[in-house]
Structures are given as C-alpha cells and as structure tokens.
Amino acid sequence: MQSENLTVKYLNKSKILKLDPFMLYLQVTPLKATEPTPINCIIVKHALTLFYQLQPDAQLALYGHYNTRHQFVITKFMVQSAVQTLAS
C-alpha cells in the first residue's frame, strides 16, 4: 500500500455512500495534468468535515492510497479556502 500526495480540483460531484460510518464519494481532477482524467475518491475518517468544507471548484490537497478498485482512499486532506470564508 503506497501512500501518495495529490493536489486536485473538486469536480462538484459527491455522493453519500453510507451514513454509519459516514462514507463520502467525490470526484476530482489533478491540477498539474495535461489531460485531466477524473479520480474517484472515498473518505471515511473526517468525511463529515470534508463534506462541510467542500465548495464548488475547490482546490484540495489529499493524502492517501489507492485500493484494489483503483479508488483513492483519503486519509488526510486540506481544503484551500479564502480568508474571507474563514473569518465569517
């Protein structure tokens, strides 16, 4: 299980897969790719926090690994947001 970092853009596609434990699916594209192919991601740990922080076309920094179904399993994340949104 090889962990890696991704800097991506959120494609405004998300789906709640399970409620207990809260499991979230989202689709992203890499920022530095010449041909942006979508990456399917799933998150369980802190998924509700990510769901709350997601905004349309948000930039994300993700850390995790790929599972056997070629989905990126997120273990840590950071959402880039404007200072104005943080202050309100």
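Note: the structure precedes this text.
So, here's what we can say about the structure. Everything quoted here is computed from the prediction, not taken from an experiment. Per chain, the residues get numbers from 1 upward, laid out in the order the sequence is written. Reporting in this predicted model follows two pLDDT cut-offs: at least 70 for local features of residues, and 80 or more for side-chain atom pairs to be given and counted; totals over whole chains, interfaces and linings ignore these cut-offs and use all residues. The basis for every side-chain value is the complete set of heavy atoms in the structure, and neither hydrogens nor water enter the calculation.

1. So, the sheet that holds strand β4 (residues 59-66)
Paired strands, as defined in this entry, are two strands with at least two bridges between them according to DSSP. Each helix is a run of H or I in the DSSP string that is no shorter than four residues. Each strand is a run of E no shorter than two, and both are numbered from the N terminus. Strand order around the closed barrel formed by 5 strands is β1-β2-β3-β5-β4, with mixed pairing between neighbours. Put simply, the sheet's adjacent strands are angled 50° from each other on average, direction ignored. Pairing geometry for strand β1 (residues 4-19) and β4, over 6 bridges, is antiparallel. In the sheet register, N5 faces β4, and the bridge partner there is Y63. Each axis is a line fitted through C-alpha atoms, taken for helices only over the stretch in contact, and angles between the N-to-C directions span 0 to 180 degrees.

2. Remarks on the nonpolar core
The biggest cluster of nonpolar side chains holds 19 residues, and the ones touching the most others in it are L26, C41, L60 and L62. Per-element tally for this core: the top contributor is strand β2 (residues 22-30), with 4 residues. Residues enter a nonpolar core if they are buried and are Ala, Val, Leu, Ile, Met, Phe, Trp, Tyr or Cys, with the set joined through side-chain atoms within 4.5 Å. Burial classes follow relative accessibility: with a 1.4 Å probe on protein chains only, a residue under 20% of its type's maximum area counts as buried, one over 50% as exposed, and anything between as partly exposed.

3. Re the pairing of strand β3 (residues 39-43)
Burial runs high along β3: 4 of the 5 residues are buried. Bridging between β2 and β3 involves 5 bridges; their strand directions are antiparallel. Looking at β3, one finds that L24 is bridged to I43. The sheet contact formed by β3 and strand β5 (residues 72-80) spans 3 bridges and is parallel. Each bridged residue has a counterpart across the sheet, and for C41 the counterpart in β5 is F72.

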